[in-house]
Amino acid sequence: MSGGDRTQPGPGGGAGPGHAAPAAPAGDAPPAIELRHINKHFGPVHANRDISLSVARGTIHGIIGENGAGKSTLMSILYGFYQADSGEIRVNGQPTPILTPSDAIRAGIGMVHQHFMLVYPFTVLENVVLGTESRPLLRETLAGARAELERLEREYGLEVDPDAVVENLPVGAQQRVEILKALYRGADILILDEPTGVLTPQEADDLFRILAALRDQGKTVILITHKLREIMAITDNVSVMRQGQMVAHRKTSETSRDELAELMVGRKVLLRVEKGEAQLGPVILDVEGLDVVDHLGVRRVKDVSFQVRAGEIVGIAGVSGNGQSELLAALAGMTRPAKGHIRIRGTDVAGHHVDARTMRALKVAHVPEDRQREGLVTSFAANECAILGYHRAPRYNRGLFLDRGRILGATRQLMQDYDVRPPNPFLPAANFSGGNQQKIVVAREITSDPDLLLVGQPTRGVDIGAIEFIHRRLIAMRDAGKAILLVSVELDEIMSLSDRILVMFDGHIVGEVPQDRRDERTIGLMMAGVPLETAEAQAHAAAGAH
Amino acid sequence: MATAEPVRAPAWVRVGLVPLVNLLLAFIVTGLVVLAVGENPFEVLRLLVRGAFGYPEAIGYTLYYTTNFIFTGLAVAVAIHAGLFNIGGEGQAYIGGLGVGLVCLYLDFLPFIVVLPLAIIAAALFGAAWAFIPALLQAKRGSHIVITTIMFNFIAAALMVFLLGKVLIKPGQMSPESRQFADHLFLPKIHEVLEPVGISIGRSPLNLSFIWALVCCVLVYLFIWRTRWGYEFRTVGQNERAAVYGGISPSRVTIWAMVISGALAGFMGINEIMGVNHRLLLNFTAGYGFVGIAVALMGRNHPVGIVLAALLFGALTQGVAEVPFDIPAIDREMQQVIQGLIILFAGALEYMVRPHVERAYVALFRPRRQPVAAE
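Treat the numbers as computed from the prediction; the structure is a model and nothing was measured.

Topic: the overall build of chain B
Here is step 1: Secondary structure summary: chain B contains 16 helices and zero strands in total.
Here is step 2: Since a compact globule built from 375 residues should have a radius of gyration of about 21 Å, the 23 Å found for chain B is in line with a globular shape.
Here is step 3: Residue burial in chain B is summarised as follows: out of 375 residues, 50% are buried.
Here is step 4: Contacts in chain B between residues at least 24 apart in sequence constitute 75% of all its contacts with a sequence separation of at least 6.
Here is step 5: Carbon and sulfur atoms form 68% of the exposed surface of chain B, whose accessible area is close to 16,900 Å².

Right, here's the structure in full:
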C-alpha cells in the first residue's frame, strides 16, 4: 500500500443492524471495533472463548488480563496474524473480514508491538516509509514522506527527529516511531500491546500524553496491559479477560484497582506486601569502589560501594540504563569488573578469573533481568531449564551422565512448590507464559539455597498472581536469613520489598534513602541524579506548595 | 512480518515425513532430467536400487560408503549442536587419514591388536588437531569458523600433495602414494570375519570400521543428550547468553565441540586408509566430508537420523555407479547431477518443504472441533 492512497474508512456508511454488543456506550456512531463471538483454538487450548467486545470511537479502551488470558491472541486476530475459528469482526459497523495484516491496515487498524518491528540502522524516516515506497527512487518517496511525517508529529505531539538513526534513539522514542509508522499508514484505530513493558516511568508518562492527544484528535486506542496503574491512569473503558474469556466490561471511572485485580485473577489479591522487621545478620556482600566498563569501552558502573547483610533486601532504584544491569552482571560473574572489590562473606572475587560458575559455588544465585535471553533456553524442556547453572552439581549427575530421574523429580517438585502451570517437565520453556517461565527461574535460584540472591526485574512481564507469589517468596527468603539484592525499574516494587533503598544514576550510587524518609517524590528526584539532601528539600518544598 | 499460525505437527511428521517428501521431490526432478536425456527414469531407478541392494556384494559396498557418511555426518552434527557449522570435515578426514597412515607405516613392527587402537587414536588426534586451529581462531579471535574450516580443507589438500609427493612417496614410483602397509595391519573385512563362523556374504570393502561407526553413533547420542558436557554444548548452541549466565564458557565449548567434530571426521581415515586402500594416497576423501553436511541436515543431527541418511547416500553412491553398465547415457556426470539434486532437496531445501508439509498434515488430520458458539 502506498503512502499516497490511504483509505480512511468513513464513519457510518450503513451501520449494521443489532447493537447488542456488551458495554457499548450508547451513541449514534457505530463502535470503531466490534468483535462478536470470537473463538480460537490452538490444538487443545481454547485461547479465545466466545469473545465479544465493543470499542467506542474516540476512546482509549483497556484490555487487561494476566499473561496467557488470551489478550494477545485476540489482538492478533484483530490484526490478521491469526484467523478466528468462528466469529465476526466489524470495523465502524461494517463486517470486515481480516485475513492478513494488510487487510487490517486497509481497514485503518495499526498495531504497535511489544517488541518493536524496526530496522535499527535505518533513520526514523526510512523506517516510517518502509513497505510503502511509492516511487522507484527512494529519494522521491522520502521527500513526500517527510512533509507528512512532520505534520503527524506536530498534530499528535510525537517528537522524533526524522533523520535520527533508530538504534541511537532511547526506547521511548523508538516506540514513538512505531506509532508514527501506524499513523503514516492511515491508522484510525491503534492497538498497543504491553507498550510500557520496556519504558521507564517517565517514558510511560510521555506515552500516555501522546495517547490522550490521539484520542482527543478522534483516534481510537486499544491498550493491552496487565498493569492496573496504567488502566486507571489513561483508559476510558476497560475489558477484563481471564482464561480465554471476557469476564467483565467496566467504565474506568466506575471501577477500582482492587475490583479489576480480583476480576483478573478470579480471587482476592493482596496488592501490598506484608513483611516484618528485618533481622540483620553478618555482611554477605561487600562491594567497594567497583568500576565496570562495557565492551564498547564505556564506563557503566563508577566507583560503587555498598554492603548487603544477611536477612535484608537491598533495593537498587534507578531509571533503566543507569548502570544497574552492568552492576548486576558483574556481581553475578558474567562480566569482569575493571576495578574494585567484590567480597562474598569476606572472599574477594574481583580481579580473579571469575565466571557465573564460581559465583554459584560461593552460594550466589542470580535471577537475571532478561529471563528469555539469559535465564532460560527457550527451546529446552522445562526440566533442562531447571538445572541451568547447576547442571554440574553432584545431585544432578551420576558418574559421567546426568541423572535424569533426579532431574525430573526435582523439576516436578519445583513446579509443585512454585505452582508452575502446566506442571509438565517435558514442555519446552517457550510454551510457558512469561509468569510461569519466571517462576521456573526464581524457583531454580531460590531452591539452590544461596546465601546471596541477586534479583533483576523479578516481575517484568509477569502477571499479578505471579507477582504476588514471587514477592512472598523473596520475603520468605529474607526472613530465612538470606541476603537479597533487588534491582528493579518498578518503583512500587522497590518501595514495597526493600529494607534499604539505594538509588543509581549515571553509574554512581546517588545515595541511600533512609527507611523513615522514603517517598516517591524524593526517590524520583534522586533517580534524576539529585543528591539526597537537595532532593528532600525540593520534595518538601513541592509538597508545601501543594 | 506476518507470523504464521503456530502449526503443531507430531514429531514423526517433521522427522520422518518431511525427509521422505524431500526425497520424493528429488527423485521426481531427477526423473525429469533422465527423461530429458532420453532414458526411462523407472528403468534407471530399478537399476539403481538393484545396484545398491540387489546382491550381497552390492549391500557390502553400500554399507562401506555408509560408514564414511556416518562419520562425517556425526562430525557435522556434533558441531551444530554447539551452534557451529563445521564445513571442514573433508580436510579433517583427510588429515585423520594421514594420522592412520603414519601409524601404519612407522609402527608396523607392532602387532595388529596394538596398532588398531593407536590408529584410532591417531585418526582422532589428527582430525581434532585440524579442527582445533579454526576453533581456537573462532574462540579467541572471532574468525568465523565457516571461513576458516573451508580454507583448512585447501590447506589439508596442499599438505597432502606435498607429503605424498615429496616425503611419504614410495621410492622409485611415479604416483604420489606411500608404500603399502604390512599385511597384518589390514583392517579385517566383514566378509572375512564372518567366514570362520560359517556365514558367507559377498566380498566387498566393508570392514570393521562400520562397527566403530555404529559405536560412535551411540557414544554421540549419550554424550549430547545424557552428559553435562553435551548439555553445555546444546546450551551454547541454543543461547550463548544463557550459557554465560549458567557459568558455561562459550569459547571452551567452541573448542571442545570442534575437537570432537574433527575427531569424528578423522575416523573416516580408518575406513579408507586402514580398511580399504592400505596405503596413503591422494583424494581418498572424495567429497564425503561435504556430503556429511547433507547427511547431518537430513538426519536432523540425531544419530538415528544420521545412520538412515548415511545409508541413503551410501546406497546412492553405490547404486548410481552401477547404472552405466546397462545405460551408458547415465555417465559419471549424470551421477553427480543425481547426487547433487538429492543433496539440494534433502539438505538445502529442507526449509522450503517443511512448513507446507506440516500445514498440509494439520489441515488434513487435525481433529476438527465444532465451534462452541456458532453465529
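Some thoughts on the sheet that holds strand 19 (residues 452-456) of chain A
Residue and element names in this part refer to chain A.
Here is step 1: Here we have six strands laid out as an open sheet, ordered 16-19-20-13-21-22, and mixed in their pairing. Edge positions in the sheet fall to strand 16 (364-367) and strand 22 (508-513), since each of these pairs with one other strand and no more. The sheet shows a mean angle of 20 degrees between the axes of neighbouring strands, taken without regard to direction.
Here is step 2: When strand 21 (residues 500-505) meets strand 22, the two strands line up antiparallel, connected through five bridges.

Here's the deal with the interface of chain A and chain B
Accessible area lost when the parts come together is the quantity often used to give the size of an interface.
Here is step 1: Tallying the contact residues gives 48 residues for chain A and 30 residues for chain B.
Here is step 2: Interface of chain A and chain B: buried area, both sides summed, is about 3,500 Å²; carbon and sulfur atoms make up 54% of it.
Here is step 3: In this structure, the salt-bridge partner of Glu232(B) is Arg392(A), at a minimum N-O distance of 2.7 Å.
Here is step 4: Counting across the interface, chain A meets chain B through 17 residue pairs in polar contact (both at pLDDT 80 or more).
Here is step 5: Of all elements in the fold, only strand 1 (33-42), strand 2 (45-55), strand 4 (86-91), helix 10 (356-361), helix 11 (371-375), strand 18 (401-402) and helix 14 (434-447) of chain A reach the threshold of two or more residues within the side of chain A that touches chain B.
Here is step 6: With six residues, the top contributor of residues to the side of chain A that touches chain B is strand 1 of chain A.
Here is step 7: Looking at the side of chain A that touches chain B residue by residue, the classes come out as 17 nonpolar, 17 polar and 14 charged.

Considerations on the packing of helix 4 (residues 138-156) of chain A against helix 5 (residues 171-184) of chain A
Residue and element names in this part refer to chain A.
Here is step 1: Two numbers describe how helix 4 lies on helix 5: the axes approach to 10 Å, and their chain directions differ by 115 degrees. The angle between helix 4 and helix 5 places the two elements in the roughly perpendicular class. Between helix 4 and helix 5 lies a crossing of right-handed hand. In this structure, helix 4 uses Ala145, Glu148, Leu149, Leu152, Glu153 and Tyr156 to contact helix 5, whose residues at the interface are Leu180, Leu183 and Tyr184.
Here is step 2: Class assignment of the residues belonging to the contact of helix 4 with helix 5 gives a composition of seven nonpolar, no polar and two charged.

Quick look at the side chain of Gln437(A)
All names here are of chain A.
Here is step 1: Its place among the elements puts glutamine 437 in helix 14.
Here is step 2: At a separation of 2.9 Å, a polar atom in the side chain of glutamine 437 contacts the side chain of glutamine 372.
Here is step 3: With sequence-adjacent residues up to four places away left out, glutamine 437 is seen in contact with Arg371, Gln372, Leu376, Ala429, Ala430 and Phe432.

Let's talk about the environment of Phe432(A)
All names here are of chain A.
Here is step 1: Take phenylalanine 432: it is sitting in the loop between helix 13 (404-417) and helix 14.
Here is step 2: Between the alpha carbons of phenylalanine 432 and threonine 378 there is a distance of 9.2 Å; along the sequence they are 54 residues apart.
Here is step 3: Contact partners of phenylalanine 432, with chain neighbours within four places excluded, come to Ala382, Met415, Val420, Arg421, Pro422, Asn424, Leu427, Gln437 and Ile440.

What about the confidence of the model for chain B?
Atomic detail in the predicted coordinates should be set aside for any region of low pLDDT.
Residues and elements named next belong to chain B.
Here is step 1: Counting all residues, the mean pLDDT for chain B is 90, and 95% of those residues have values of 70 or more.
Here is step 2: For residues 368-375, every residue scores under 50 in pLDDT, and the model assigns this stretch 14 contacts once sequence neighbours within four places are set aside.
Here is step 3: Scored as a complex, the prediction yields pTM 0.79 and ipTM 0.84.

Description of the pattern of salt bridges
Residue and element names in this part refer to chain A.
Here is step 1: This structure, assessed with the given rule, holds 39 salt bridges over all chains.
Here is step 2: Residue aspartate 188 is joined to arginine 57 by a salt bridge in which the shortest nitrogen-to-oxygen separation is 3.6 Å. Remark: arginine 57 occurs in the loop between strand 2 and strand 3 (60-64) and aspartate 188 occurs in the loop between helix 5 and strand 7 (189-193); sequence separation between them is 131 residues.
Here is step 3: The class for arginine 57 is partly exposed, based on a relative accessible area of 27%.

Here we look at a nonpolar patch on the surface
Residue and element names in this part refer to chain B.
Here is step 1: On the surface, Phe27, Leu45, Val49, Phe53 and Ile59 cluster together to form a nonpolar patch covering roughly 390 Å² of accessible area.
Here is step 2: Top element by residues in the nonpolar patch is helix 2 (residues 41-53). It accounts for three residues.
Here is step 3: In this fold, phenylalanine 27 is placed in helix 1 (residues 11-36).
Here is step 4: Residue phenylalanine 27 is classed as partly exposed on the basis of its relative accessible area of 30%.

Focus: the environment of Val13(B)
Residue and element names in this part refer to chain B.
Here is step 1: With respect to the helices, strands and loops of the structure, valine 13 is situated in helix 1.
Here is step 2: Overall, valine 13 belongs to the buried group, its relative accessible area being 0%.
Here is step 3: In this structure the C-alpha to C-alpha distance between valine 13 and alanine 296, which are 283 residues apart in sequence, comes to 18 Å.

Remarks on the packing of aromatic side chains
Residue and element names in this part refer to chain B.
Here is step 1: The tally for this structure, following the rule as stated, stands at 13 aromatic pairs over all chains.
Here is step 2: When the ring of tyrosine 65 is compared with that of tyrosine 288, the centres are 6.4 Å apart and the planes differ by 45 degrees; the resulting orientation is tilted. With tyrosine 65 in helix 3 (residues 56-81) and tyrosine 288 in helix 13 (residues 288-298), this pair connects stretches of sequence that are 223 residues apart. Taken individually, tyrosine 65 and tyrosine 288 each receive the classification buried, so the pair is uniform in this respect.
Here is step 3: When the ring of tryptophan 212 is compared with that of phenylalanine 267, the centres are 5.4 Å apart and the planes differ by 75 degrees; the resulting orientation is edge-to-face.

Digging into the sheet that holds strand 12 (residues 299-309) of chain A
All names here are of chain A.
Here is step 1: A sheet is described by the order of its strands in space; here four strands give the open sequence 12-11-14-15, paired in antiparallel fashion. Only two strands of the sheet have a single neighbouring strand rather than two, namely strand 12 and strand 15 (347-348).
Here is step 2: As paired elements, strand 11 (residues 283-293) and strand 12 share seven bridges and run antiparallel to each other. Residue valine 293 lies in a different strand from strand 12, and its bridge partner there is arginine 299.
Here is step 3: The sheet strands contacting helix 9 (residues 324-331) are strand 11, strand 12 and strand 14 (339-344), and the helix crosses strand 12 at an angle near 60 degrees.

Notes on helix 17 (residues 520-527) of chain A
One full turn of an α-helix is made of 3.6 residues, so residues set three or four places apart face in the same direction.
All names here are of chain A.
Here is step 1: Looking only at helix 17, the buried set comprises Thr522, Ile523, Met526 and Met527. End-on, the buried residues of helix 17 take up no more than an arc of 135 degrees, which puts them together on one face.
Here is step 2: Directly beyond the C-terminal end of helix 17, a positive phi value near 95 degrees is found at glycine 529.

Observations concerning helix 8 (residues 257-265) of chain A
Here is step 1: Turning to helix 8 of chain A, its buried residues are Leu260(A), Ala261(A), Leu263(A), Met264(A) and Val265(A).
Here is step 2: Residues of helix 8 of chain A that are buried in the fold lie against strand 3, helix 7 (228-234), strand 9 (237-242), strand 10 (245-251) and helix 15 (464-479) of chain A.

Digging into the side chain of His113(A)
Residue and element names in this part refer to chain A.
Here is step 1: Along the chain, the position of histidine 113 falls in the loop between strand 6 (109-112) and helix 3 (124-129).
Here is step 2: Owing to a relative accessible area of 9%, histidine 113 belongs among the buried residues under this scheme.
Here is step 3: Histidine 113 has contacts with Tyr79, Phe81 and Asp193, leaving out every residue within four places of it along the chain.

Points about the nonpolar core
Here is step 1: Core analysis: the biggest nonpolar cluster contains 191 residues, and Leu285(A), Phe306(A), Leu485(A) and Phe313(B) have the highest contact counts within it.
Here is step 2: For this core, the element with the most residues is helix 3 of chain B, which contributes twelve residues.
Here is step 3: What Phe306(A) contacts, discounting residues up to four positions off in sequence, is Leu285(A), Asp286(A), Val287(A), Ile316(A), Leu327(A), Leu331(A), Leu485(A), Leu502(A) and Ile509(A).
Here is step 4: With 38 residues, the next largest nonpolar core counts Tyr156(A), Leu169(A), Tyr184(A) and Leu192(A) among its residues.

Parameters and conventions
- Per-chain numbering applies: the sequence of each chain, read as written, is numbered from 1 onward.
- Working convention: letters from A go to chains and numbers from 1 go to ligands, in the order in which they are written.
- Restriction of local features to residues with pLDDT of at least 70 applies here, the model being predicted, together with a cutoff of 80 or more for giving and counting side-chain atom pairs; totals for whole chains, interfaces and linings are based on all residues.
- Processing note: side-chain calculations cover all non-hydrogen atoms of the structure and skip hydrogens and water entirely.
- Runs of E in the DSSP output that reach at least two residues are strands. Runs of H or I that reach at least four are helices, and both are numbered from the N terminus.
- Throughout, the radius of gyration refers to the C-alpha atoms, and the reference size of a globule is 2.2 Å times the residue count to the power 0.38.
- Each residue gets one of three labels from its accessible area relative to the maximum for its type: buried under 20%, exposed over 50%, partly exposed in between, using a 1.4 Å probe on protein chains only.
- Note on contacts: a residue pair is in contact if any heavy atoms of the two residues lie within 4.5 Å.
- Using the Shrake-Rupley algorithm and a 1.4 Å probe, accessible areas are obtained, with residue cover drawn only from the displayed protein chains.
- For two strands to be treated as a pair, DSSP must find at least two bridges joining them.
- Each axis is a line fitted through C-alpha atoms, and for a helix only the stretch in contact is used; angles between axes span 0 to 180 degrees, taken between their N-to-C directions.
- Buried area: the accessible area, evaluated with a 1.4 Å probe, that two parts lose upon being put together, summed over both parts.
- Only one rule defines a salt bridge in this text: a Lys or Arg side-chain nitrogen within 4 Å of an Asp or Glu carboxyl oxygen.
- Any pair of N or O atoms that falls within 3.5 Å is considered a polar contact. Within protein, one atom must be able to donate a hydrogen and the other to accept it, and sequence-neighbouring residues count only if both atoms are side-chain atoms.
- Gly falls in the polar group here, along with every residue not listed as nonpolar (Ala, Val, Leu, Ile, Met, Phe, Trp, Tyr, Cys, Pro) or charged (Asp, Glu, Lys, Arg).
- Note that the term roughly parallel is reserved for angles under 35 degrees, roughly antiparallel for angles over 145, roughly perpendicular for angles of 65 to 115, and oblique for everything else.
- The sense of a crossing depends on the near helix, which, turned anticlockwise from the far helix by less than a right angle, makes the crossing left-handed and, turned clockwise, makes it right-handed.
- For every residue, the predictor states its confidence as a pLDDT score lying anywhere from 0 to 100.
- Patch membership requires over 30% relative accessible area and the absence of a salt bridge. Like charges are linked within 9 Å, and nonpolar side chains (Val, Leu, Ile, Met, Phe, Trp, Tyr) within 5 Å.
- When two rings of Phe, Tyr or Trp (its six-membered ring) have centres within 6.5 Å they constitute a pair, described as stacked for plane angles under 30 degrees, edge-to-face for angles over 60, and tilted for the intermediate range.
- The reported arc concerns the directions from the helix axis to the C-beta atoms and nothing else.
- Put simply, buried Ala, Val, Leu, Ile, Met, Phe, Trp, Tyr and Cys residues joined by side-chain atoms within 4.5 Å make one nonpolar core.

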